[in-house]
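So the chains spell out like this:
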Amino acid sequence: LKLLEKLDSSGLFDYIEAGWPVKDKIDHKLAMKIKDTRFNSKIVWFTRTMKPCYDSVTEDQDLDVLREINPEYLNFFAKSNIFNVTQEFGKDKIEKNIVSIRKSAEYFKNELGVKELHCDLEHAVDGYKTDKDYFFRCLDAAIDGGVDVIHICDTNGSNLPIFMRAYLKDIKDH
């Protein structure tokens, strides 16, 4: 809390990502403690999409914590690389991953009333290079679900700026 207050009072940050209350009990306690506190910075909480084994976000009990903290600003990560989806969830969940991105975004915006929703497309650059069609379907699902800001993540950090420029131009033109 002291660090958060110090960062906020510095006036340097428009956004402060405060933690992942769904997975971390300390972050959950912090979220509950400050949920009615006003800050100069936008306090952003971090989470994930619903797991693609569910048909509805409300079935994913891990995400119940978000109803408790009632976040104004939320950043969720979504898998956008078909290789990672297959490795973590299995080939039978490739399509459900896309559905989970859209349904999660819709739930966060419409049911939780998140004021500003961000999405980290995890392994986006690798996903773009591996299967551009699948990557764009993930991107479109996030946009269709109501995401306000998309983060194109070079999760491995292995791409040179000259290549990143070309990837980002193609993504922007999409």
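Asker: Break down the sheet that holds strand β3 (residues 73–79) for me, with residues and values.
Answerer: The strand order across the open sheet formed by 5 strands is β1-β2-β3-β4-β5, and the pairing between neighbours is parallel. With one partner strand each, in any of the chains shown, β1 (15–19) and β5 (149–152) form the two edges of the open sheet. The average angle at which neighbouring strand axes cross in this sheet is 30°, direction not considered. Relative to strand β4 (residues 116–122), β3 is paired through 7 bridges, and the arrangement is parallel. What sits directly across from Phe-77, in β4, is Asp-120.

Asker: How would you explain the pattern of salt bridges if you had to name every residue and give the values?
Answerer: Counted under the stated rule, the structure contains 17 salt bridges. For Lys-132, the salt bridge is made with Asp-170, and the minimal N-O distance between the two is 3.2 Å. With a gap of 38 residues between them, Lys-132 in helix α7 (residues 132–145) and Asp-170 in helix α8 (residues 161–173) connect regions that are remote in the sequence. Among the residues examined, Lys-132 registers a relative accessible area of 39% and is labelled partly exposed. You can call Asp-170 partly exposed: its relative accessible area is 27%. Each of Lys-23, Arg-48, Lys-51, Asp-60 and Asp-62 takes part in one network of salt bridges that share partners.

The rules behind these values
Residues numbered from 1 in each chain as written. Predicted model: local features only at pLDDT ≥ 70, side-chain atom pairs only at ≥ 80, totals over all residues. Heavy atoms only, no water. Pairing = 2+ DSSP bridges. Helix = DSSP H or I, 4+ residues; strand = E, 2+ residues; numbered from the N terminus. Axes fitted to C-alpha atoms, helices over the stretch in contact; angles between N-to-C directions. Salt bridge = Lys/Arg side-chain N within 4 Å of Asp/Glu carboxyl O. Buried < 20%, exposed > 50% of the residue type's maximum accessible area, 1.4 Å probe, protein only.

So yeah, pure geometry; function would need other evidence.
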